[in-house]
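Architecture and fold: a report
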Amino acid sequence: MSMTKNPLAAAAALRRGRSLLTVTQYAIAGAGLIAALVLGFLVHTPTIWGLLPIVLYAVLSLCGMNLLLATVISLLAGVVLAQRPPTDVGILLGSALGDTVTVIGVICLLGSGLGEVLRQTGAADLLVRGVMRVVRRDSQLAIQLGVMMSCLVLVFALGTLAGALAIAAPILIPITARAGFTRSATASMMFLGGCAGLALAPFAGANIAILDASGVEYGTYVLVAAGPLALLSLLLSIVVVPRVQRRSALGGDDFYEDDLTGADEQAPGPRTVRATWAFSVVLVVSVAYATMSKGGTAFPLLALPVMAVVTAMAGGLSVRGTIDALCRGAGRMVETFLLFWILAAFFQMVNELKPYDVLLDSFGPQLHDLPVLSFAVAVALLGWLGVPGATAAHVVLLNNVFGPLGTSIGLTPATWAVTYLWGSKADTYGPFPNPNMMSALGFAEATRLRTLLSVGWQVLIPAAVMYGLILTLLV
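Residues numbered from 1 in each chain as written. Predicted model: local features only at pLDDT ≥ 70, side-chain atom pairs only at ≥ 80, totals over all residues. Heavy atoms only, no water.

Attention now moves to the overall build of the protein chain. Along the protein chain, the regular secondary structure elements total 21 helices and 0 strands. At 24 Å, the protein chain has a C-alpha radius of gyration in line with the 23 Å of a compact globule built from 475 residues. Seen through its C-alpha atoms, the protein chain measures out along the principal axes to roughly 70 × 70 × 50 Å. Taking all 475 residues of the protein chain together, 51% fall into the buried category. If you sum the accessible surface of the protein chain, you get close to 20,900 Å²; carbon and sulfur atoms cover 68% of it. (Helix = DSSP H or I, 4+ residues; strand = E, 2+ residues; numbered from the N terminus. Rg over C-alpha atoms; globule rule 2.2 N^0.38 Å. Buried < 20%, exposed > 50% of the residue type's maximum accessible area, 1.4 Å probe, protein only. Areas by Shrake-Rupley, 256 points an atom, 1.4 Å probe, with all protein chains shown as cover.)

Right, let's talk about the nonpolar core for a bit. Among the nonpolar cores identified, the biggest contains 150 residues, and Leu-154, Tyr-221, Met-307 and Leu-343 are the most heavily contacted of them. The contact partners of Leu-154, leaving out residues within four places of it in the chain, are Ala-124, Leu-127, Val-128, Ala-164, Ile-167 and Ala-168. (Core = buried A, V, L, I, M, F, W, Y, C linked by side-chain atoms within 4.5 Å. Contact = heavy atoms within 4.5 Å.)

Quick look at helix H3 (residues 67–82) now. With 16 residues, H3 ought to run about 22 Å at 1.5 Å a step, and its terminal C-alpha atoms sit 22 Å apart, in line with that. Those residues of H3 not exposed but buried are Leu-68, Ala-70, Thr-71, Ile-73, Ser-74, Leu-75, Ala-77, Gly-78, Val-79 and Leu-81. The opening residue of H3 is Asn-66, an N-cap whose side-chain oxygen sits 2.9 Å from the backbone nitrogen of Leu-68. Immediately downstream of H3, the backbone of Gln-83 shows phi near 55°, a positive value. (Expected span 1.5 Å × (residues − 1). Polar contact = N/O pair within 3.5 Å; in protein donor to acceptor, adjacent residues only side chain to side chain.)

Our focus in this paragraph is the packing of helix H10 (residues 205–214) against helix H19 (residues 413–425). As a packed pair, H10 and H19 sit with axes 9 Å apart at the nearest point and diverge in direction by 150°. As summarised for this structure, H10 and H19 are arranged roughly antiparallel, according to the angle between their axes. In terms of crossing hand, the pair formed by H10 and H19 is right-handed. Along its contact with H10, which presents Ala-206, Asn-207, Ile-210, Ala-213 and Ser-214, the element H19 presents Pro-413, Trp-416, Ala-417, Tyr-420, Leu-421, Ser-424 and Lys-425. (Axes fitted to C-alpha atoms, helices over the stretch in contact; angles between N-to-C directions. Parallel < 35°, antiparallel > 145°, perpendicular 65-115°, else oblique. Left-handed = near helix turned anticlockwise from the far one by under 90°.)

Moving on, we get to the state of the cysteines. Chemically, a disulfide is nothing more than a covalent bond linking the sulfur atoms of two cysteines. This model, assessed by the stated rule, comprises 0 disulfides. Note on Cys-327: no disulfide assigned, nearest cysteine sulfur contributed by Cys-108 at a separation of 17 Å. (Disulfide = S-S within 2.5 Å.)

Quick look at the packing of helix H5 (residues 100–121) against helix H14 (residues 319–331) now. The contact between H5 and H14 brings their axes to 7 Å, and the two run at 125°. Classified by the interaxial angle, the pair formed by H5 and H14 is oblique. The hand of the H5/H14 crossing is right-handed. On the side of H5, the interface is formed by Leu-109, Ser-112, Gly-113, Leu-114, Glu-116, Val-117 and Gln-120, while H14 contributes Ala-325, Leu-326, Arg-328, Gly-329 and Ala-330. Considering only residue class, the contact of H5 with H14 consists of 6 nonpolar, 4 polar and 2 charged. (Nonpolar A, V, L, I, M, F, W, Y, C, P; charged D, E, K, R; others polar.)

Before going further, it helps to spend a moment on the side chain of Asn-207. Assignment of secondary structure puts Asn-207 in helix H10. Not counting the four nearest positions on each side in its chain, Asn-207 is found in contact with Leu-198, Ala-199, Leu-200, Ala-201, Tyr-221 and Lys-425.

With respect to the element layout, Leu-229 can be found in helix H11 (residues 218–249). Sequence separation between Leu-229 and Thr-322 is 93 residues; the distance between their C-alpha atoms is 35 Å.

Glancing now at the pattern of salt bridges. Following the criterion strictly, the structure yields 8 salt bridges and no others. Note that Glu-116 and Arg-328 form a salt bridge whose closest N and O atoms lie 3.4 Å from each other. Here Glu-116, found in helix H5, pairs with Arg-328, found in helix H14; they are 212 residues apart in sequence, far enough to count as distant. You can call Arg-328 partly exposed: its relative accessible area is 40%. The salt bridge partner of Arg-448 is Asp-253, with a shortest N-O separation of 2.8 Å. Of this pair, Arg-448 sits in the loop between helix H20 (435–443) and helix H21 (449–474) while Asp-253 sits in the loop between H11 and helix H12 (270–293); the two residues are 195 residues apart in sequence, bridging distant segments of the chain. By relative accessible area, Arg-448 is classed as partly exposed at 28%. (Salt bridge = Lys/Arg side-chain N within 4 Å of Asp/Glu carboxyl O.)

So, about unusual backbone geometry. Cis geometry is found at the peptide bond from Thr-45 to Pro-46, where omega equals -5°. Here Pro-46 is to be found in the loop between helix H1 (2–40) and helix H2 (52–62). Here the phi dihedral of Gln-83 falls at roughly 55°; this positive angle occurs in a residue that is not glycine. Counting through the fold element by element, Gln-83 comes out in the loop between H3 and helix H4 (86–96).

Here it is as structure tokens:
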């Protein structure tokens, strides 16, 4: 009887905790909106109180509120504070559709549509299998590096970690199971390889935001920012993953079931092979052209649909099938698109209140006296610990607040690229669990979050030191 009551009591306590958290979130939102309404009658632009919507957004996000809802509430706070009439809000939302932040949301839609085309044609599967065919199956280290490179390549191509791991996991798990790897070790490989690919992905929304905010071309971004992180992840994995394997194997309860080790690999059809080659060639050409032409944020709006259409044609998809795949894939990212659209309006609203002008007038001389390195490190730390939300939003917000000042005191585009990358991606590795960790755990069918969190920390600390040294050299 006690065994029945304990789970019921735990479930009831969990429901009460969630209800309390929800009440707290809405109480904070209500208090923020009331404060904005009152202040709207008392202050005028420019005002330091323009930071209220930013603070409200941060607090609501930290409290776990849905990011889209938190952004809508924060935008309403800004509108009320500025005392904008409803007709002006419509104009604001209309102008936000052409904002760079909204463009990143459109890129996320198109990237997800491309991912679905790769699924339908089988090109995504073949990319993973192609990498794994070149590694020795009698060496655990070779298999480990093959798994990591497979995840890296697929995330690089798709620009999303969760979507890529969803495709790769069913292919990779039988291979790691046959090689005797534990679930925790497999999750560690997928996480480290996927995160390396995410840093490098040329058409990932966050990386597009970094390139746009810093003003560097993709080659420089890889050389000074993303490349070192990807290389460090691969090198550290040689030590980290075997250690996870040894520790997780001790109990004997972290291995895959026997039925997973016998999965057969089917030979790909000619259409799948053509689709994979077509996609690979167009991807390489697109990245090369974007690097040479400095195409900027707008280029993926052309490149992603072209890659999808060329891959679909080579893979034998009909016109209707291609459209269905694009719409089905893009449909998964509608909430993300809405988030970026509302974020764009939110940032425009905050800029109209001009709180940063007040801050610069008050503290600008002191900030100008800061060493360039100290300023860059401080911005990166704020992005890591102080600005919750979508990664691309981190970058845009950091650029809005600190970009003009940092450039005026001597931060170069390359320095900004490193600062924005580390400020927006450090929280992927720690100090707390995050969606990318949970995705790797889930797709690897692993349950030991503490182990994966430890893996993240073992990359986080050396990477922080590495980027500190890179910033020292750049400034």
